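For reference, the chains in residue letters:
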Amino acid sequence: VMTTPAPFSSPEYKLANEWSKVFAHLFRPMTPAFSEIWLDGEKAASVEYWSTQVEQHNVDEAMTYDSGRGIILNDPVEPLYGDRYLPRKFKIGVTVPGDNSIDIYTNDIGCVVVTNDEGELEGFNVMVGGGMGRTHNKETTFARAADHLGFVPKEDMMECMKSILASQRDHGNRDVRANARMKYLVHTLGVDNFRTLVESYFGKKIQPWREIPEFKYNDWMGWWEQGDGKLFYGLHVDNGRVKDEGDFRLKTCMRVLVDKFNLPMIISPTQSIIFKDIEPTDKAEIEQIMKDHGLQTLEEVDPLARLAMACPALPLCGLAQTEAERRMPSYIERVRATLTKMNLDDEEILMRMTGCPNGCARPYMAELAFVGDGANSYQIWLGGSPV
């Protein structure tokens, strides 16, 4: 589950953060096999969920509630998943109207908070069937943006989410792994027939999609007011690589900031870092610390680099067919040189690069994407949009 990283104190953003935890808790695996590590008979590590933060939603009760429509399975451990789990990975995105910092349309389920004029939650706009993964030379696989399923009132939201999951669980492709994501089920049925399938589990008609403000892409870098008297700062990190290299000492700088100011950190959907809950009186000192450690101000970062994203690829990923993270900086330089030569320095192009077609850096949503298809070889994809 991913939600917008912006730590604003407005009702919509608080609701997005809260309900992302609700959905994560609702669909958590019940078996301890995923969350406990034992060594020599003693528990060495465990995973803590958000039960105390969402207890007012009675998530466990909602999870096990049986409407008699086939959502709940007769399994002593996993009432939602049974003994086989889902055919493939299942991603959920939660955001607010207008904020597409998470590439909401790339998720199996996308949920958009809908509030009234007083900021009170009315429900969610729900989209289904997004996903980036594909396989070269296999036309039955493809990247896909999600379709609008409709609006769901808040009191029905967990049951609707269970109904979508059950639809994929029972009807998703379990024979061909490459076509096992829910996007292929939605594509094969069409969103209208998929909605009918979901409603057969849900027991209610899904309402029409509510009109909301147009989505815009924002990485939330730089200084922002949270709305509670404090600030947050988005620190650009090239391709997510935190390191000390010569005079550039990002890793040390982050350690100093956390030790000195006790700042919570959020990893952004574009592999950068957001420091939140900053006192306004600390802003100047924080900027000086970053300068002392060789970090650029946001204004000094090339917009092409700020917008770019690459997956780790070689040598870290066994699926990689070529370079991505280590090659992206040189491609940014080459594109910048070309734009300068053409007197187009003011142009901003959202570029992404992956070492294989699986789409971890969400390349198919970029305006210009390089997708590795062999040693030192890339497919070029044009015309995507993160909004």
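Residues numbered from 1 in each chain as written. Predicted model: local features only at pLDDT ≥ 70, side-chain atom pairs only at ≥ 80, totals over all residues. Heavy atoms only, no water.

S.K.: Got a sec to walk through the side chain of E159? Specific residues and values, please.
M.R.: Mapped onto the elements of the fold, E159 is located in helix α3 (residues 157-171). What makes E159 buried here is its relative accessible area of 14%. (Helix = DSSP H or I, 4+ residues; strand = E, 2+ residues; numbered from the N terminus. Buried < 20%, exposed > 50% of the residue type's maximum accessible area, 1.4 Å probe, protein only.)

S.K.: Tell me about the pairing of strand β8 (residues 222-225), residues and numbers included.
M.R.: For a regular strand, the rule is simple: side chains alternate between the two faces of the sheet. Here β8 runs beside strand β9 (residues 231-235); their pairing, made up of four bridges, is antiparallel. Across the sheet, residue E225 finds its bridge partner in β9, namely L231. In textbook terms, the turn of a hairpin is the stretch between consecutive antiparallel strands, and for β8 and β9 this stretch comprises five residues, one of which, G227, has a positive phi near 105°. (Pairing = 2+ DSSP bridges.)

S.K.: Explain the nonpolar core residue by residue, including any values.
M.R.: Of all hydrophobic cores here, the largest spans 54 residues; its most connected members are F23, I164 and F194. If sequence neighbours within four positions are ignored, I164 has contacts with F90, I109, V126, V128, L149, M182, F194 and V198. Grouped together as the second largest cluster of nonpolar side chains are 21 residues, V301, M309, C311 and A361 included. (Core = buried A, V, L, I, M, F, W, Y, C linked by side-chain atoms within 4.5 Å. Contact = heavy atoms within 4.5 Å.)

S.K.: Now, about the state of the cysteines: what can you tell me, with residues and values included?
M.R.: Tallied over the entire structure, the rule returns zero disulfides. Unpaired in this structure, C360 has its nearest cysteine sulfur neighbour in C356, at a distance of 6.1 Å. Look at C360 and you get exposed, because its relative accessible area is 63%. (Disulfide = S-S within 2.5 Å.)

S.K.: Account for the environment of K276, naming residues and giving values.
M.R.: Take K276: it is sitting in strand β13 (residues 273-278). C-alpha of K276 to C-alpha of N262: the two residues are 14 residues apart in sequence and 9.9 Å apart in space. Here K276 is in contact with P7, Q226, L231, F232, L263, P264 and I266, once residues within four sequence places are set aside.

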